[in-house]
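Topology and contacts: notes
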There are 2 protein chains.
Amino acid sequence: MLQAALRSGAAQRRSVFEVFTRRLPDGRRYGVLAGTGRVLDAVEDFRFTSPQLDWLADQNVVDEATLRFLADYRFTGDIHGYAEGEVYFPGSPVLTVEGSFAEAVILETVILSILNHDSAIAAAASRMTSAAGGRPCIEMGARRAHEGAAVAAARAAYIAGFAATSDLEAGFTHGIPTTGTAAHAFTLLHDSERDAFTAQIDSMGRGTTLLVDTYDLAEAVRTAVEVAGPTLGAVRIDSGDLTLLAHRVRRQLDELGADKTRIIVTSDLDEYAIAALAAAPVDGYGVGTSLVTGSGHPTCAMVYKLVARAATPDGPLVPVAKRSAGGKSSVGDRKWAARPLDAEGVAEAEVVGTGPVPGELEPHLLHVPLITAGEVVGREPLAAARERHLRARAALPLSATQLSKGEPVLATELRIAAAEGVPA
Amino acid sequence: MLQAALRSGAAQRRSVFEVFTRRLPDGRRYGVLAGTGRVLDAVEDFRFTSPQLDWLADQNVVDEATLRFLADYRFTGDIHGYAEGEVYFPGSPVLTVEGSFAEAVILETVILSILNHDSAIAAAASRMTSAAGGRPCIEMGARRAHEGAAVAAARAAYIAGFAATSDLEAGFTHGIPTTGTAAHAFTLLHDSERDAFTAQIDSMGRGTTLLVDTYDLAEAVRTAVEVAGPTLGAVRIDSGDLTLLAHRVRRQLDELGADKTRIIVTSDLDEYAIAALAAAPVDGYGVGTSLVTGSGHPTCAMVYKLVARAATPDGPLVPVAKRSAGGKSSVGDRKWAARPLDAEGVAEAEVVGTGPVPGELEPHLLHVPLITAGEVVGREPLAAARERHLRARAALPLSATQLSKGEPVLATELRIAAAEGVPA
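What counts and how
Residues numbered from 1 in each chain as written. Chains lettered and ligands numbered in written order. Predicted model: local features only at pLDDT ≥ 70, side-chain atom pairs only at ≥ 80, totals over all residues. Heavy atoms only, no water. UniProt positions renumbered as here; feature names shortened; annotations may be inferred. Buried < 20%, exposed > 50% of the residue type's maximum accessible area, 1.4 Å probe, protein only. Helix = DSSP H or I, 4+ residues; strand = E, 2+ residues; numbered from the N terminus. Pairing = 2+ DSSP bridges. Patch = residues over 30% accessible without salt bridge, like charges linked within 9 Å, V, L, I, M, F, W, Y side chains within 5 Å. Areas by Shrake-Rupley, 256 points an atom, 1.4 Å probe, with all protein chains shown as cover. Salt bridge = Lys/Arg side-chain N within 4 Å of Asp/Glu carboxyl O. Expected span 1.5 Å × (residues − 1). Contact = heavy atoms within 4.5 Å. Phe/Tyr/Trp six-rings, centres within 6.5 Å; stacked < 30°, edge-to-face > 60°. Lys NZ or Arg CZ within 6 Å of the ring centre and 35° of its normal. Least-squares fit on C-alpha atoms with pLDDT ≥ 70 in both. Polar contact = N/O pair within 3.5 Å; in protein donor to acceptor, adjacent residues only side chain to side chain. Nonpolar A, V, L, I, M, F, W, Y, C, P; charged D, E, K, R; others polar.

As recorded in an unreviewed UniProt entry, chain A goes by Nicotinate phosphoribosyltransferase and comes from Kitasatospora kazusensis. Its UniProt record, at the heading Catalytic activity (unreviewed entry), says of chain A: "5-phospho-alpha-D-ribose 1-diphosphate + nicotinate + ATP + H2O = nicotinate beta-D-ribonucleotide + ADP + phosphate + diphosphate".

Right under this line is the structure:
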């Protein structure tokens, strides 16, 4: 595609690509944009190495002119979009990439890979932290995801309100708080549960979390408090009927005087299981598989579509859109998006438009500049995205946090300008 | 866990960890092991960099002794397991890791990450290639998966019989055949569909694949053959009722004399959609989202469990197993696995045992040595895993390739040795 466009000359046409989704996963009330910060790094670092170029040449994947283009590649255009952590809805123009066709089209896969993955995790994570109320959720899913995806998943979960991750590489790479507990293997390694608990307390102190369900739960809790004393930090339960067991263990801990010892539960938790534990005496949730697989929706349906292009490198932009049947048509033209609030500060609608922005929507515009003339301008600390997400979610109508299936909590309102072209 | 074990001395106990799954995804008939080759690379390269060690020290994640252990880390033990591409069933000991507790426990996350991801993709891919019969399946899902996972997914799909990938990085990294077509953006970029087709043919030759559903399908097919002539390589249909449209386009191509022009279909295909197209005049399937998300099962439930350990670095191994309630108990001891065949060469059962191997099962043992005393001995070309998978699948009872939900096609038969201990 790139080679043919370079040859026909069309590669130099100024082009606008838009990232959006036609639908949220079945029944979800809102989407969560995550990965923007990683997109900025990826675009900034997007280069072809000599071994890669040699391989493309050896395999005759592209011609000489295309190899030269790739060897010199550097994105010089503009990217703006929703800030990371924002919520989004069907049709929200979450990212807009503008540049020559050649420099913009080549970013499609990396941008979509990052946003589709990270946003899927963040959307699931947001439902979990919302179901957990004020109780901390801990990301523990690394072993159930691709080793690179796991690190990105921990990052996305943190944006959506998770308290910490057990993935040390995610802590190292992204500065996310880390935590962890022992596995059953640690207990099985020692000659007795008591030996294992003693070894862990000796090394980690009384504030540690002891795993109490390797053999008999009640006996393990008794041993744990005997070994650690009543100031034991926490116990973890990883199997069985967690509601029942949490009540039982709480009663036992209280009777043993360990009334400050927290109870952490793990074991295939998802947002529904977390919600079901709301009335149980649980102090934290460790979430693995469901989190890193997006709780039933491991990817988003975000697409990267050409919405406008000029007929010359500097000519006026002309909106374009696929028009065939099959439910995959799209709306052409460069877009703005705004989310006006009512008097109580609750979001009213997702307004997506083309042409001039109505004055009353100006204060509610959602796009921020991310890359300008090839320079990253939108980098921010991860904490900013995290705060933004919690703020944006809190501004949604109350039904946003219902776990049951339903329609998107905000309707997307299209305001298409009458004019066919947009000034350059 | 590592720090506490180093301090208590238990870290030096010889240990055997086993990778297995308690169940296949709901209704699946067999699992497909993929990722072994990547595990070998990962274990060989498993090192901690200075910045990582500094971070662990700065954050007080581990103590001095543990930092020294990590700085010198190098796996010196043994790994054996099912060869890559093999099928597996609940309880199959797909990988066995033997070494000191410390050196083996630390590999848990990376080994599970790789096997859980790659095997999930391979299992879905295997159902797709089986549903496609002899028609080629092309991996086109990179944009719907994490950017690193996408490359691994292309590799796993190739093992399970996919013909090619559109992910050039996967071609570069793993030597998988690559292919690709143009996107709707390429047509929209040009002033007309005719211009776009002409540009593509000029650059890529008449053997290329033209995307014909941007505007009107019938008109696009007519234009395509006018521009390329009757030797046009292929057309791609990416939306609509694919069965209906494939018949219509086939008729039109034949009438235009392009009776050798192939029809490639894409558009949210999964194994069911592929099976439903069996009677349609389709020459190839491009599969994206469903493939890279494991067609409903994006991860496997593989776990990494301590099954035996010595009480001293060189003492005899003692089987260990979690015994608590909650359905997560496991069978201790180091295991062998065999898959005997009947007179017709059809697999009869998945036999998993401990202790001595019965003589009649010796020829059917599934484990191969992968790492011996820290040295990789099981590396092989990707093509070997691919051939092995097709062979192993072909040896399963016929019901293996039924797409409907059902029980695993082979029962797992446990043969537990009477003795409690195993000779060192």
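1. Concerning the pairing of strand 12 (residues 302–310) of chain A
All names here are of chain A. The buried fraction of strand 12 is high, at eight of nine residues. Note that strand 1 (residues 14–21) and strand 12 share seven bridges and pair antiparallel. From the neighbouring strand, F17 faces strand 12, where its bridge partner is L306. In terms of strand pairing, strand 12 meets strand 13 (residues 317–319) through three bridges, oriented antiparallel. The residue bridging A310 from the neighbouring strand is L317, located in strand 13. The hairpin formed by strand 12 and strand 13 contains six residues between the paired strands.

2. Some thoughts on a nonpolar patch on the surface
Residues and elements named next belong to chain A. Together, V331, L414 and I416 make up a nonpolar patch on the protein surface, roughly 250 Å² of accessible area in all. Positionally, V331 belongs in the loop between strand 13 and strand 14 (336–338). The class of V331 is partly exposed, set by a relative accessible area of 33%.

3. Structural notes on helix 10 (residues 193–204) of chain A
Over its twelve residues, helix 10 of chain A extends 16 Å from the first C-alpha to the last, a length consistent with the 16 Å expected when each residue adds 1.5 Å. Three or more residues of helix 10 of chain A are buried, namely E193(A), A196(A), F197(A), A199(A), Q200(A), I201(A) and S203(A). Residues of helix 10 of chain A that are buried sit in contact with helix 9 (184–189), strand 8 (209–211) and helix 11 (217–228) of chain A together with helix 1 (2–8) of chain B. Count one or two residues on from helix 10 of chain A and you reach G205(A), which has phi positive near 85°.

4. A closer look at the packing of aromatic side chains
Two aromatic rings are characterised by how far apart their centres lie and by the angle between their planes. In this structure the tally under the stated criterion is twelve aromatic pairs over all chains. An angle of 65° between the planes, with centres 5.9 Å apart, marks the rings of F69(B) and Y73(B) as edge-to-face. Through pairs of rings, three or more aromatic residues link up here, namely F46(A), F48(A), F69(A) and Y73(A). Over the ring of Y158(A) we find R386(A); its NZ or CZ atom is 4.3 Å from the centre of that ring.

5. Section: the sheet that holds strand 8 of chain A
Residues and elements named next belong to chain A. Taking strand neighbours across the sheet as the criterion, the six strands line up as 7-6-11-10-9-8 in an open arrangement whose pairing is parallel. With partners counted over all chains shown, the strands left at the sheet margins are strand 7 (164–165) and strand 8, one partner each. The pairing of strand 8 with strand 9 (residues 234–237) spans three bridges and is classified as parallel. Bridging from a neighbouring strand, L211 pairs with R236 of strand 9.

6. A closer look at the relation of the copies chain B and chain A
For the pair chain B and chain A, the relating rotation is 180°, the translation along its axis is 0.0 Å, and the fit reaches an RMSD of 0.0 Å. Taken together, the rotation angle and the small translation identify this as a two-fold axis.

7. Re the interface of chain B and chain A
Contact residues are listed per partner, giving 81 residues for chain B and 81 residues for chain A. Our count for the chain B to chain A interface comes out at ten salt bridges. One salt bridge connects K322(B) with D213(A), and the closest N-O pair in it is separated by 3.9 Å. At the surface where chain B touches chain A, the tally comes to 36 residue pairs in polar contact (both at pLDDT 80 or more). Broken down by element, the residue count for the side of chain B that touches chain A peaks at seven residues, all from helix 6 (residues 108–131) of chain B. Per-class residue counts for the side of chain B that touches chain A are 37 nonpolar, 25 polar and 19 charged.

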